[in-house]
Amino acid sequence: RDQKVIVNSEKVRLLLSSADTYSKEVAAIASQFDDSSMSGLNKFIDMYDKVFIAYNDAISQVRQDIAHEKEGDPAMLHLLVNCLKYQLYEHTLRRNKILTQVHTIRFENRETKQKKEQGKQTT
């Protein structure tokens, strides 16, 4: 985690920059969630899709670089793949945690609303 990995490929650097930008947008969208609005959730999911695509493309590019590596030790490239996978998995877990929280809140709100309606009907 504390080790720095040098990214020589310009394509990978651009993909990582895109992923970072999308991650910041995801954080901004996540902080503005409205329980009643599906549009916020859809924007959130769309932006996370862009993050995942950028990381997957970066991983693919580094794997291509490994396959075409003729000289030198590809150990740093393998380390870079592992770092990218770690970031991808971390984002996946974060997204799933937020989605679980959102759906739990919505389910609880729906349950509360149904109980109120049943209470009105019995009186």
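We now turn to the structure provided with this report. (Residues numbered from 1 in each chain as written. Predicted model: local features only at pLDDT ≥ 70, side-chain atom pairs only at ≥ 80, totals over all residues. Heavy atoms only, no water.)

## With respect to the overall build of the protein chain
Okay, so step 1: Per the secondary structure count, the protein chain includes three helices and zero strands.
Okay, so step 2: The helix and strand sequence of the protein chain, counted from the amino end, reads α-α-α.
Okay, so step 3: Against the globule reference of 14 Å for 123 residues, the protein chain gives a C-alpha radius of gyration of 21 Å, more extended than a compact globule.
Okay, so step 4: Taken across its 123 residues, the protein chain has 27% of its residues classed as buried.
Okay, so step 5: Sequence-distant contacts in the protein chain: of pairs separated by 6 or more residues, those separated by 24 or more amount to 71%.
Okay, so step 6: Accessible surface for the protein chain amounts to roughly 8,900 Å². Of this, 52% is attributable to carbon and sulfur atoms.
Okay, so step 7: The averaged location of the 17 negative side-chain charges in the protein chain is 6 Å from the averaged location of its 19 positive side-chain charges. (Helix = DSSP H or I, 4+ residues; strand = E, 2+ residues; numbered from the N terminus. Rg over C-alpha atoms; globule rule 2.2 N^0.38 Å. Buried < 20%, exposed > 50% of the residue type's maximum accessible area, 1.4 Å probe, protein only. Contact = heavy atoms within 4.5 Å. Areas by Shrake-Rupley, 256 points an atom, 1.4 Å probe, with all protein chains shown as cover. Lys, Arg positive; Asp, Glu negative; His and termini not counted. Charge placed at Lys NZ, Arg CZ, Asp CG, Glu CD.)

## Considerations on the side chain of S23
Okay, so step 1: Tracing the backbone shows S23 in helix α1 (residues 10-30).
Okay, so step 2: Take S23: its relative accessible area is 17%, and that puts it in the buried class.
Okay, so step 3: At 2.8 Å, the side chain of S23 forms a polar contact with the backbone oxygen of A19.
Okay, so step 4: Setting aside anything within four residues of it in sequence, one finds S23 in contact with V51 and H91. (Polar contact = N/O pair within 3.5 Å; in protein donor to acceptor, adjacent residues only side chain to side chain.)

## Here's the deal with the pattern of salt bridges
Okay, so step 1: Evaluation of the coordinates by the stated rule reveals three salt bridges.
Okay, so step 2: Here E10 ties to R13 by a salt bridge, and the two come within 3.2 Å at their closest N and O atoms. Of this pair, E10 and R13 both sit in helix α1, three residues apart, which is roughly one turn of that helix. (Salt bridge = Lys/Arg side-chain N within 4 Å of Asp/Glu carboxyl O.)

## Points about the nonpolar core
Okay, so step 1: F44, V62 and L84 are the most contacted members of the largest nonpolar core, which totals 25 residues.
Okay, so step 2: Broken down by element, this core gets its largest block of residues, 12 residues, from helix α2 (residues 38-68). (Core = buried A, V, L, I, M, F, W, Y, C linked by side-chain atoms within 4.5 Å.)

## Remarks on the packing of aromatic side chains
Okay, so step 1: Inspection of the entire model under this criterion finds two aromatic pairs.
Okay, so step 2: Where F44 meets Y48, the ring centres are 5.1 Å apart and the plane angle is 80 degrees; that geometry is what we call edge-to-face. Of this pair, F44 and Y48 both sit in helix α2, four residues apart, which is roughly one turn of that helix. When sorted by exposure, F44 lands in the same class as Y48, which is buried.
Okay, so step 3: Geometrically, the ring pair formed by Y48 and F52 is stacked, given 5.4 Å between the ring centres and 25 degrees between the ring planes. (Phe/Tyr/Trp six-rings, centres within 6.5 Å; stacked < 30°, edge-to-face > 60°.)

## Concerning α1
Okay, so step 1: Helix length check: α1 (21 residues) gives 30 Å between terminal C-alpha atoms against 30 Å at 1.5 Å per residue, within 8%.
Okay, so step 2: Residues of α1 that are buried: V12, A19, S23, V26 and I29. Around the axis of α1, the buried residues are gathered within 120 degrees of arc, so they sit on the same side. Of the exposed residues in α1, the ones pointing more than 90 degrees away from its buried face are L14 and K24.
Okay, so step 3: For α1, the N-terminal capping position is held by S9, with its side-chain oxygen 3.4 Å away from the main-chain nitrogen of K11. (Expected span 1.5 Å × (residues − 1). Arc of directions from axis to C-beta.)

Read these as spatial facts, not as claims about activity.
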